[in-house]
Amino acid sequence: MKRVLNYFRQMKFLLRFSRSLPFFREFFFTKQISVKKKLIGVALIVGYALFPYDLIPDFLLGIGILDDVFVATLVLNWFMKLAPEQLKTKYQLIEKKDDSSENPRIN
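Anyway, here's the lowdown on the structure attached to this text.

### Some points on the layout of surface pockets
The computed volume of the largest pocket comes to approximately 280 Å³. Around the largest pocket sit M11, L14, L15, F17, S20, L21, F24, V69, F70, A72, T73 and L76, which together line it. Listed by contribution, the elements that provide at least two residues to the lining of the largest pocket are α1 (2-15), α2 (17-29) and α4 (66-82). The dominant element in the lining of the largest pocket, judged by the number of residues it contributes, is α4, at five residues.

Printed below as a string of structure tokens:
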């Protein structure tokens, strides 16, 4: 259940461009993630969008672009999982750990 909620939180984040664009800008400029992984993700999105054969043909109005959006969403989700913890916390992709719950006070 927690995994499903986390997925919907990420989808909501992706759709809110005012928050996701600064996140991806910081993601691409961070030195904590290898350039190779960043380039692989970008190449997957661009390559699939330009590849002439799709799972669903693009000439089917409205429906044809869904597979392109799906692949882009998968890669963007992968980027969010690769992001450093402090970046995830800054943009509220993960919940901050509450120290009081880990160390209960004993009277």
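### So, the packing of aromatic side chains
If you walk through the whole model with that rule in mind, you get eight aromatic pairs. Through pairs of rings, three or more aromatic residues link up here, namely F23, F24, F27, F28, W78, F79 and Y91.

What counts, and where the lines are drawn
Residues numbered from 1 in each chain as written. Predicted model: local features only at pLDDT ≥ 70, side-chain atom pairs only at ≥ 80, totals over all residues. Heavy atoms only, no water. 1 Å grid on protein atoms, 1.4 Å probe; cavity = no way out; pocket = protein on both sides within 12 Å on 5 of 7 lines; lining within 4 Å. Points joined across faces, edges and corners; volume = space filled by probe spheres on them. Helix = DSSP H or I, 4+ residues; strand = E, 2+ residues; numbered from the N terminus. Phe/Tyr/Trp six-rings, centres within 6.5 Å; stacked < 30°, edge-to-face > 60°.

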